[in-house]
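Each chain, letter by letter, is given below.
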Amino acid sequence: MKHSWVPYAAIAAGAVLLAKAVIVISSDDEVLTSTTGWMYLIGLLLAVAAAVGHALNRERHRALIGAGLVLALVAWVIGVGDLLTPVFEVFSDSEYLADEGPIGLLGVVLLVLGARARMTEREPALA
């Protein structure tokens, strides 16, 4: 059984994470921290749901694929974000760009992956 909601969950996760990063960077974190905190949590939960849904769409090794995708997401949030911080510091002295840049980049990656999954999911039109 194919779960057609998976690309939409990835796109929604990417949009929420990207919007959160843009809001914090553009406002110098003068917006409500609780609002952006909830956006971050919702974006991550949608990303985890998309990862699990993607694994459920596979016929083989569902648990392995699901665990791998969730671990990749956690690795990005914890590890890759810290590795990318110096790269974002090159562009600006703003501490918010260095903190929120990797989150925004994760949002872009999720948007692209969700859009690509949605495009490849469609069946070709018969002429």
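1. Quick notes on the packing of helix H2 (residues 33-57) against helix H3 (residues 62-91)
Part 1: Running from N to C, H2 and H3 point in directions that differ by 155°, and their axes come no closer than 7 Å. The orientation of H2 relative to H3 falls into the category roughly antiparallel. Crossing angle aside, the handedness with which H2 passes H3 is right-handed. Note on element contacts: H3 touches H2 through Arg62, Ile65, Gly66, Leu69, Val70, Leu73 and Val77, opposite Tyr40, Leu44, Ala47, Val48, Ala51, Val52, His54, Ala55 and Leu56.
Part 2: When its residues are assigned to classes, the contact of H2 with H3 shows 13 nonpolar, two polar and one charged.

2. Quick notes on the environment of Ile25
Part 1: Structurally, the position occupied by Ile25 is in helix H1 (residues 6-27).
Part 2: On the basis of relative accessibility, which here comes to 28%, the residue Ile25 falls in the partly exposed class.
Part 3: As a C-alpha pair, Ile25 and Ala98 span 73 residues in sequence and 9.3 Å in three-dimensional space.
Part 4: If near-sequence neighbours (up to four positions away) are discounted, Ile25 is found in contact with Tyr96, Leu97, Glu100 and Gly101.

Reading the values: the criteria
- Residues numbered from 1 in each chain as written.
- Predicted model: local features only at pLDDT ≥ 70, side-chain atom pairs only at ≥ 80, totals over all residues.
- Heavy atoms only, no water.
- Axes fitted to C-alpha atoms, helices over the stretch in contact; angles between N-to-C directions.
- Helix = DSSP H or I, 4+ residues; strand = E, 2+ residues; numbered from the N terminus.
- Parallel < 35°, antiparallel > 145°, perpendicular 65-115°, else oblique.
- Left-handed = near helix turned anticlockwise from the far one by under 90°.
- Contact = heavy atoms within 4.5 Å.
- Nonpolar A, V, L, I, M, F, W, Y, C, P; charged D, E, K, R; others polar.
- Buried < 20%, exposed > 50% of the residue type's maximum accessible area, 1.4 Å probe, protein only.

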